[in-house]
Each structure stands twice: as C-alpha cells, then as structure tokens.
Amino acid sequence: MNSASSFESSNSSQDSSQESATLGTIPYSTINTMNLRALLFDPSTMNREEPFLKVIEEPVEKFRFRYKSEMMGTHGSILARSHERNRRKTYPSVQLCNYDRPAIVRCSLYTAHPHEKQRTPHTHRLIVRAENNMDKDDPHEVIVSQDNNYIAVFHGMGIIHTAKKNIVEELIKKKRSRLLEKLRVKNVKLTSLNTVQESKLRQDAEDESRKMNLNSVSLCFEAFYRDANNCLQQICDPVFSKPINNMKSALTGELKICRIDKHVSTCMGGEEVFILVEKVGKKNIKIKFFEVNEDDQEIWCDYGKFSELDVHHQYAIVFRTPPYRDLDIEKPVDVFLQLYRPTDGDCSEPIKFQYKPSEKMGRTRKRPRVSNENLHSSENINFLNVTNGTTNGMMEIGSDVKNGNDNLLGEHTSLSELLNEENGLDSSEFREFMNNLSISEYMSTFDHDLAFDGEKSPLPKDAVTEIRIKEENDPPEVKEEILGDYELLQKALKQINMVLQEKLSSDVTAKKIENIFNMRNTEGETALHAGVMCGEKDAMKLMLQVLEKGGQKHLINTQNFRNETPLHLAVLHKQPQFVQMLLAKGADPNFTNSDGNTAIHLTIKCCHNECLTELLDKNNYVHNEHKPKCNEKNYEGQTPLHVAAVKRNLFAVKSLVKSGANVNEADSTLGRHVLMVAVEQSDKDIVEYLVKETNVDVNLENYAGDTSLHYACVVNGGNAEICQLLIDAKADPMKANHEQRSRAMELPLAKPLEVTVKEEIESEDEFQLHIDDDDEDDEDDEDDEEENGLSKGCTSMDLAKDNQEILNILKQADQYMASTLQNESLDEVQIKDECPSPSEHSTVVDNGLFDEQTLTKLCSVLDASNSWTNLADLLDYTFLVPSIRAAISPSKLLFNYADLHGNVTVQHIRNFLEALDEKEAVEAIDLMLARQVANTGGDQ
DNA sequence: GAGTCCTTCCC
DNA sequence: CGGGAAGGACT
C-alpha cells in the first residue's frame, strides 16, 4: 500500500493533461475512475510510469530499541516481517521501479507520524555495525541496478535509543546534514549554514523533540542519482515503511493478566475479583468478558465494573464481575476474560472464566426446598424413599408406623404419658405444647403418602443424582451412615421418642439426647438442620423443647461442615418462623459460617427482609442471652450494612441502622464505609437515606484516601444526582486522595496511529493544562499542604474535570465552602511575607478573598460588564471561561476558583480591575481593605 | 520524598 | 536475543 499511496500522490499533483500523457497510449476519456486504479497496477502499464519506490519487505512490527550503552556485542538486526512466517532471515527491502539506470537507494529513520507529509527525521539512530566495531549512522545507501533487479536490501540495521538529554542535538545533526545536502543541489560549494538557518534548525528540532514518539519509528526510503556536479538528485518521492515499535516500551507494551484471585463467579455477577496485570493506564483499560460459540464467534460480551480508583498504581485492578447474559443457567458456563485498551484496541491473551448458576446461598448442592405448604408433598416423600435407598428402609418406616407398639412417636396418648414421666422434661408448659402438637397426624400423613405413592412416582432428579453419587463414591461399610435430611430427622424423632419412653434418670436422658443431636449427616448436619431443611415445623418445635428441657441448649448452635448453624439454614431457606423459633429458644445469631457470615449477613445476602426483621426483633430475644451484633464483619470484611448496600436493599439498611448498626464502619478490604458502597452501586435512595437520616460522615475516606464523592464522580462515568446529594450533605470536593500525581500517568499511554492532527494538537493543549495545574500546585505552598492536606493526590474536582454537569455541582460546594471558610476565619486573615504585592494587607487566598458584601458587589458589576472574562485572562484562568460562562454568576465562580486554587491576592485583583477600568469594582475592594485595616487596628 | 521513568548493566 | 533489575533522574 505504501507504493500505491506514493504512486497516487505523485500523480495527484498533476493536472489531467499530464495525467493522460502519463498514461501513454490510453486515451484519458476511456478511463473511468473505477478502472483507473486497476490500470495503474497493471504491469503492462506500469513500465510506462514515472519511477517509484515500492516496499517489498516491511520491517518487523516490534524491535528492541537499545540505548547506546547497551550496544556492545551484537544484538540482532531489524528483520523483515516475512521472516516471522518462513524461517529464512529476510530484511527490509525496497524496489525502484520504472527506472533503468543505476541509482542510490537510501534508508534513514523517520518518525512514524500517521500523515506522511508530517514525517520528520527521527532522533533515534539507525545504525549498521561496521568492520571496526564502529557503528555507522543513517542514512544507509545501497546501489541498485539491473544486477540486483533494482532491489535494495537493508540488513544489519539496529536502532539506538537516543537518551532524552541528547534528543535535540541528535535531531539538529540530522536535520543539518539533510538541509546542507539539499542546498548543495543549487550551490555546490556550500559547506555550512548561516546563523539564521542554524537557529531555525534548532527551533524546529526543539519543537519536534517535544512531540516525538520515542517508541515508534518508520524507515524512510529514497532514491537518488548523481548529477554532473556529483550532487544527489531525487528520483521520486520517498516511501515509508510501516512503523517499528519499541519492544521494551511500557507505553506500547503488551497487555497481560499475570494473576487472578478467582476465576468463577455466579451468573448474577457483582463479585469482586483482583487481577495483577502488566503495566496499564488507569484511564485506558477495560476488562472484557466474552463468550464464543463453537465457531469461535463472539456471542456475548460485557465489561468488568471498576473505576479508575480501583486500578492500583498501574499493576492491579479490583473489579466486579458483570452479570452473565442468562441469570438462570443450570450448568456452569465457560467464558473468557481479557484486558482491552480502548485507544488502540489492543487486547491481552484471554484467560478462562466461569459463570456458575446462582445458587441457594451457602449451598453447593441443590436440595429440594420445602416450605410448609408443600410439607408432605409426594415429591419430598419420594426423596425420603430414595434416601433410605432400599425397600428395606421403606419397610422399616412403614412397619414402624403401622405397628403401634415399637413405634416412632406413636400416638398422642402414649406421647403425652411419656412426657409426664419424671424425666426432667416434665412441665406444664411442655405438656401444653405437646398437647398441641399433632405428631400422630404428622406421622399418619407420612404413612398415607408412603402407601399411596410408594415407589411409583418419578423421583426428583436432583435427589436421585445426589444419592447415587454418594453411594458410588462412598465405601459400602459406611453406607448406612449416609443420611438424608428426612432420614436423619426421622431417626432423631424416633430416638427421642424411645428415650422419652425409657424412663431413665435425667442425666442419662440428657446424655442420650445429646447423642441424638450429635448425629450428623454427610454435611455434618444435625437433626435440627434437617428439620429446617425439611421445613418440619412441628418436629422443630418438639426437638427444641426437648433440647431446652434436657438442658442442652448449646446444641441448638451446632455447626455443619460449612459452619452453618440451624439458624443460618433457616435464613438461607427464607423461613422466618424458624428464625423466630430458634431465637426464642436461645439460638445465637452471632455464629459465623465458613465465610464469616452471621445469620444477619446471610439473610441480607439472600434479600429476605422478613427473616431480617425476625433476626433484629428485640422481642425474639426476651429469653435469649445472645443479642445480635450488627457490626460484625465477614471474611470479605463487610458488615451487614455493607452487604445491604451492595445488595441495594434500603429496607435492610434502615433496619440495621435502627438496630444500632454503625454507618461509619469501614470494611476491612478497602476501608469503604456504607455510604461509599451505596455510591459505588449508584443507589441514590440509600445514599439519600444515609446522608439525610443518619449520622453518616460524608467525608470519610477509604484506605486510598478516596471519599464517597470521589466515587460519585467516576462510577459509571459519574452520577450527578448522587454528587448533588453528597454536596448537599457538605461533602468536600477539594479533599484529595493519596494518589501521587504523575504526569506520565495522565498522558494517554498509547496513541492510536490513526489519530488526526487536530486531535494531537488538542491533546497537546490538554497536556499544557496539566502542567499549569501542577505548577499551581507546586506554588501552593506548604502551609496549604499542612493545613488542608490538599497539595498531593487527586480531588473529586480533579476527577470530575471531564464532566461538566458534575463539575458544576461541585462548584456549588466551592461557593459554600468559600463562604464558610470566610465566616469561620475572617478574623484570622493571614498576611504573607513573600506576597509580591506591595500592600501589607493583601490577604492570602485560602482565607477567602472578599467579604460577602464586596463579593456581591463585584459579581454584579463584573457579570453585568462581562469583564470577568478579561479578569480571568489576566489571572491566567482563561481555561475556566468556557466552563463557567453558563453559570448564573460566572464572576462568583471565578472568585471562588481564585480563592481556593490560586495564589492570587486581593491586591492583584484590584490592580487588574483597575487596568480593566472597572472603577466601581475597585472602589468596592478599596472599601473592604479600609474596613479590614480599621478592624485590625481596633483589635491591637 | 515517594513513585515513576529512564538508562545502564547483567545474564 | 529477550528479560530482569539496579540505580540514578525526574517529577
């Protein structure tokens, strides 16, 4: 394509008559635009063309630029791209076409600017190693002729990375020799440049050096012949190779995920994932999740959720997974995850990631969930059958029930009797409870269902697989230990019944009961867990009573292998009545499961507000020595409030706050408090509730020094509504985080090659602006720094600088703060020694420039006359003008800016206004100064 | 003064 | 060759 473009450009300057001449015998009129291109590339027409250069072998895309100091020894040379495909070494080559005499083809190093017209010699050196171990600089020349088919091959070239300090000198050297050569064509004797030319050269070199991309170069090929004066005459336009990029540069560097802390997420998304990455720019990186079909076509994609505040330096990103496209998947789905750089579209190698079905919280297996309504559904009874595994088991239960003598719990009367024995389980309360308990009814239902449905009914799939897996995996001798939920429950009830029948002494009974509640299934669960799982309300009542009366209340908190207590399971299965029942019998709500979650955490994770209400209801704790703790952190470091905010559950947030949860508690992973989490979730309602109805501290910062406002400015591109809420709650937009400001990080990492000239210029301006900002910061002296901690880091204002809407909101706070600052510390007006103003009474900006009266006056005058724009110019705040123009009072914003950001004195402003001939304004300031002198004098 | 970037050095 | 890192320079 290079040859094509140069070819076309060489033609494009010619008018049509020449063009038809160029095309030889073909009459111009017969050539339409469609076949013009084809004609030009037709070999038969080509040899009638003007000479041109054609790149035959492009150089490799990436090559290591070495510093001079690295150049001892050999380091390989620039090969051609084709070398990557075939094994033989090939080198960048060009062919001179349409030329029939020997010629010189030259290769030198140029910038890789996207527009060829703007390419200039590059400051790096293109060298070829010579015999004496000396390096010869470009240009490199090769003679072409018929002998080599007019092909120039450039081998053995390397690129020396010119050190920063030498860039300008190196450029001047190159430009000088080129200019001399050019001038010699007209004036053979010329040996040096005049002063004007030299200084122009230096100026150009300095300009170019500033914007030169040091990590991308291009080879420039030119063709010459020697004229009678031995001067080089150009044969045709130069052509350029495709860019060669510096392999070692961090800026064009490879995107890479080095490590990830988890590679599975539920399909609901929202899970926090940490990745370590090779250097990225926080403003120029995305995390892409995508799925491909069998044909490797992308069928779904979404992006990890994070803000620039979640990019740790340039090497780690903490993000939340996006939800998968289908939230009801039954099986895990494999997807991929990769880094994506928007500016150049570059991607890292994808790594595997898996979405798993959204599970019943805390459960890895699916179990049939039983609610009271379908308590005795045939499905569940069938499950029981299967659990028993054998007909034998079925028979056992069936016979138990039919045979009234050695029964489970037998019938009502015998049960009542049993309970009346002097076993320590006797009490009127318990008797009453048992009288209300229809065990026989409960059992007969069992009987009925068993007899009725028997083994005929289809079994629930999950139950079957679950059991089979167990049986296959477990050795036969422990088979009898494998108990399903129902089986376990049955066994426990049976044994309880037996114990109660046996009329033993109370301590033996206690021992036996303890044994019963130490029976575990394969999940490490007791009959209590099983009772919850099965939704057996009556059985639960019985068991809890037995435990209580037997004095083994602690067993109510027995944990399964995931450290879940029956209470955990009650909330996981969204059974508020069990929660209440368990709490009433003394269950401890503060046990944590293996993820460190209390029942409160879990119920919020499950979004079950009824259970939460029960957990937090004081009435449930009347006889319970354990009170719920609302500020406990799980192993993710979250308090229940954090979870509630993540789940965007306003009800839970409110309930927790009312129950004494601390709204200012930080999580232990990032130091986020609830407000910040709510902001991260863009949950306006929770934010509003927190700022308006709780004692939340809006200016709390996380470990990184970010406040909620920082987040509000950047999450999802910034949320104006939430910013407004925070600002109204007195959030401080000038509070800086702990980030170090580094210019390099603010520059786009890699510029797309397609970038237009205009864009380049614009970004240059932006760069300039940053420098200005920084300079201001540098001049904002240490006093400022110590007083406000403002000097370093990034403020919300900084983060919002690309979002006009939010910027305007933050500016309101500026106004507010300016006025409070003033009211609070008007009498502490500082006088600065180093202040350049001759006036002793120049006030320092951070105490407010003007009193209210004066400010109002100034604003009305300057807004009316529009002189505020001129003042902005004089104060060097020209860049502010467009953003504050639309404000009700631009002057006020200007003064606020000057007050908080600049080191402008009242005297400066006064003098500028005088220069602008704003007499009324000057007068107002003078009046104010006079008042201040009077006040100060009075005080002393 | 720490965090980055640049350059040199080394294997 | 290509990767890594030390150490100085630069914000």
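Calculation rules
- One numbering rule holds for all chains: residues counted from 1, following each sequence as written.
- Here the convention is simple: chains get letters from A, ligands get numbers from 1, in the order in which they are written.
- With the structure being a predicted model, the display of local features is reserved for residues of pLDDT at least 70 and the display and counting of side-chain atom pairs for 80 or more, all residues being used for whole-chain, interface and lining totals.
- In computing side-chain values, all of the structure's heavy atoms are included and hydrogens and water are not.
- Counting from the N terminus, the helices are DSSP H or I runs at least four residues long and the strands are E runs at least two residues long.
- Two strands are counted as paired when DSSP detects at least two bridges linking them.
- Salt-bridge detection follows one rule: a side-chain nitrogen of Lys or Arg within 4 Å of a carboxyl oxygen of Asp or Glu.
- When a residue's accessible area, from a 1.4 Å probe over protein chains only, is under 20% of the maximum for its type it is buried; when over 50% it is exposed; and in between it is partly exposed.
- UniProt positions are given in the numbering used here, feature names are shortened, and annotations may be inferred rather than shown by experiment.
- Axis lines are fitted through C-alpha atoms, for helices just across the contact stretch, and the angle between N-to-C directions can take any value from 0 to 180 degrees.
- Residue contacts are counted whenever heavy atoms from the two residues lie within 4.5 Å of one another.
- Every residue gets a pLDDT, meaning the predictor's confidence in that residue, from 0 to 100.
- Being near a molecule or strand, for a residue, comes down to having at least one heavy atom within 4 Å of it.
- Between N or O atoms, a polar contact is any pair within 3.5 Å; within protein, one atom must be a potential hydrogen donor and the other a potential acceptor, and residues adjacent in sequence are included only when both atoms are from side chains.
- In this text, buried Ala, Val, Leu, Ile, Met, Phe, Trp, Tyr and Cys residues form a nonpolar core when linked through side-chain atoms within 4.5 Å.
- The reported arc concerns the directions from the helix axis to the C-beta atoms and nothing else.
- Paired rings are identified among Phe, Tyr and Trp, the last through its six-membered ring, by centres lying within 6.5 Å, and are further divided according to the angle between planes into stacked (under 30 degrees), edge-to-face (over 60) and tilted (the rest).
- Placement of a positive charge over a ring is assigned whenever Lys NZ or Arg CZ falls within 6 Å of the ring centre and within 35 degrees of the normal to the ring plane.

- In the nomenclature of an unreviewed UniProt entry, chain A is known as NF-kappa-B transcription factor Relish of Gryllus bimaculatus.

## Some details on unusual backbone geometry
Okay, so step 1: Cis rather than trans, the peptide bond between Asp138 and Pro139 has omega equal to 5 degrees.
Okay, so step 2: Take Pro139: it is sitting in the loop between β7 (135-136) and β8 (140-144).
Okay, so step 3: One non-glycine residue, Asn563, lies in positive phi territory at about 65 degrees.
Okay, so step 4: You can see Asn563 is positioned in the loop between α16 (537-549) and α17 (566-572).
Okay, so step 5: Although it is not a glycine, Cys607 sits at a positive phi angle of roughly 55 degrees.
Okay, so step 6: By the element assignment, Cys607 lies in the loop between α19 (599-605) and α20 (609-616).

## Details of the sheet that holds strand β17 (residues 272-277)
Okay, so step 1: Strand order in the open sheet formed by four strands is β15-β17-β21-β20, with antiparallel pairing between adjacent strands. Edge positions in the sheet fall to β15 (257-260) and β20 (311-312), since each of these pairs with one other strand and no more.

## Side note on the pattern of salt bridges
Okay, so step 1: Counted by the stated rule, this structure contains 37 salt bridges.
Okay, so step 2: Here Glu222 ties to Arg178 by a salt bridge, and the two come within 2.8 Å at their closest N and O atoms. Placement of the pair is Glu222 in strand β11 (residues 216-226) and Arg178 in helix α5 (residues 167-186), with a sequence separation of 44 residues.
Okay, so step 3: The class of Arg178 is partly exposed, set by a relative accessible area of 27%.
Okay, so step 4: Between Glu548 and Lys585 there is a salt bridge, with its nearest N and O atoms 3.0 Å apart. Placement of Glu548 in helix α16 and of Lys585 in the loop between α18 (576-584) and α19 is noted, with a sequence separation of 37 residues between them.
Okay, so step 5: Residue Lys585 is classed as buried on the basis of its relative accessible area of 15%.
Okay, so step 6: Connected through salt bridges with shared partners, the residues Glu272, Arg320, Asp667, Arg672 and Glu680 form a single ionic network.

## Overview of the UniProt feature "repeat: ANK" (unreviewed entry) in chain A
Okay, so step 1: Under the UniProt annotation, "repeat: ANK" (unreviewed entry) lies at residues 562-594 and 636-668.
Okay, so step 2: A helix fraction of 48% and a strand fraction of 0% characterise residues 562-594, whose end C-alpha atoms lie 5 Å from each other.
Okay, so step 3: Within the segment residues 636-668, helix and strand shares are 48% and 0% respectively, and the terminal C-alpha atoms sit 8 Å apart.

## Examining the sheet that holds strand β1 (residues 52-57)
Okay, so step 1: Here we have three strands laid out as an open sheet, ordered β1-β4-β9, and antiparallel in their pairing. Here the strands that pair on one side only, and so sit at the sheet edges, are β1 and β9 (151-153). Across the sheet, the axes of successive neighbouring strands diverge by a mean angle of 25 degrees, strand direction being ignored.
Okay, so step 2: Pairing of strand β4 (residues 93-97) with β9 involves three bridges; the strand directions are antiparallel. Looking at β9, one finds that Gln95 is bridged to Ile151.

## Describing the environment of Ile329
Okay, so step 1: Residue placement: Ile329 occurs in the loop between β21 (316-320) and β22 (333-341).
Okay, so step 2: Between the C-alpha atom of Ile329 and that of Tyr355, which follows or precedes it by 26 residues, the distance is 8.7 Å.
Okay, so step 3: In this structure, Ile329 is in contact with Cys267, Tyr324, Tyr355, Lys356 and Pro357, ignoring residues within four places of it in sequence.

## Structural notes on the confidence of the model for chain A
Okay, so step 1: The predicted model of chain A averages 72 in pLDDT, with 69% of residues at 70 or higher.
Okay, so step 2: Residue range residues 361-426 is modelled with pLDDT below 50. Its contacts to residues more than four positions away, or to other chains, number 144 contacts.
Okay, so step 3: Counting contacts from residues 438-481, a segment whose pLDDT is below 50, to residues more than four positions away or on other chains yields 53 contacts.

## What to know about the protein's contact with DNA strand C
Okay, so step 1: If you check the shell around DNA strand C, you find Arg64, Arg66, His75, Gly76, Ser77 and Lys248 and nothing else.
Okay, so step 2: Take Arg64: an N or O atom from its side chain is 2.6 Å from a base nitrogen of DNA strand C.
Okay, so step 3: In the environment of DNA strand C, a phosphate oxygen lies 3.2 Å from a nitrogen or oxygen atom belonging to the backbone of Gly76.

## So, the nonpolar core
Across soluble globular proteins, nonpolar side chains have a tendency to be buried as a group.
Okay, so step 1: The biggest cluster of nonpolar side chains holds 96 residues, and the ones touching the most others in it are Phe517, Leu690 and Leu726.
Okay, so step 2: The element contributing the most residues to this core is helix α13 (residues 485-501), with eight residues.
Okay, so step 3: Aside from chain neighbours lying at most four places away, what touches Phe517 is Ile496, Thr526, Ala527, Leu528, Met543, Val546, Leu547 and Leu555.

## A look at the side chain of Ser891
Okay, so step 1: Along the polypeptide, Ser891 turns up in helix α35 (residues 890-901).
Okay, so step 2: Engagement of the side chain of Ser891 in a polar contact is seen with the side chain of Asp863, the distance being 2.3 Å.
Okay, so step 3: What Ser891 contacts, discounting residues up to four positions off in sequence, is Cys859, Leu862, Asp863 and Trp868.

## Observations regarding the environment of Val696
Okay, so step 1: Inspection of the secondary structure assignment puts Val696 in the loop between α24 (684-693) and α25 (708-714).
Okay, so step 2: Of the residues examined, Val696 reaches a relative accessible area of 12% and is grouped as buried.
Okay, so step 3: The sequence separation of Val696 and Glu665 amounts to 31 residues, and the corresponding C-alpha distance is 9.5 Å.
Okay, so step 4: When residues no more than four places from it in sequence are discounted, the contact partners of Val696 are Val663, Asn664, His673, Leu675, Leu690 and Val691.

## Regarding the environment of Glu514
Okay, so step 1: Looking at the element boundaries, Glu514 is found in helix α14 (residues 506-516).
Okay, so step 2: A residue is classified by how much of its surface remains accessible, and Glu514, at 26% relative accessible area, is partly exposed.
Okay, so step 3: Placed 41 residues apart in sequence, Glu514 and Leu555 show a C-alpha to C-alpha distance of 7.7 Å.
Okay, so step 4: Discounting residues that sit within four places of it in the chain, Glu514 has contacts with Gln552 and Leu555.

## A few points about helix α36 (residues 906-915)
Okay, so step 1: Considered for burial, the residues of α36 that qualify are Val906, Gln907, Ile909, Arg910 and Leu913. An end-on view of α36 places all buried positions within 160 degrees of arc, on one side of the element.
Okay, so step 2: After α36 finishes, the residue Asp917 shows a positive phi value of roughly 65 degrees.

## Focus on the packing of aromatic side chains
Okay, so step 1: In total, this model carries twelve aromatic pairs according to the counting rule given.
Okay, so step 2: Geometrically, the ring pair formed by Phe289 and Phe353 is edge-to-face, given 5.1 Å between the ring centres and 90 degrees between the ring planes. One end of the pair, Phe289, is in strand β18 (residues 286-292); the other, Phe353, is in strand β24 (residues 351-356), and 64 residues separate them in sequence. Take Phe289 and Phe353: they sit in the same class, and that class is buried.
Okay, so step 3: Of the aromatic side chains, those joined through ring pairs into one cluster are Phe289, Trp300, Phe319, Tyr324, Phe353 and Tyr355.
Okay, so step 4: Across from the ring centre of Phe240, 4.8 Å away, lies the NZ or CZ of Arg119, which sits over that ring.
Okay, so step 5: In this structure, Lys288 packs its charged tip against the face of Phe290, placed 5.4 Å from the ring centre.

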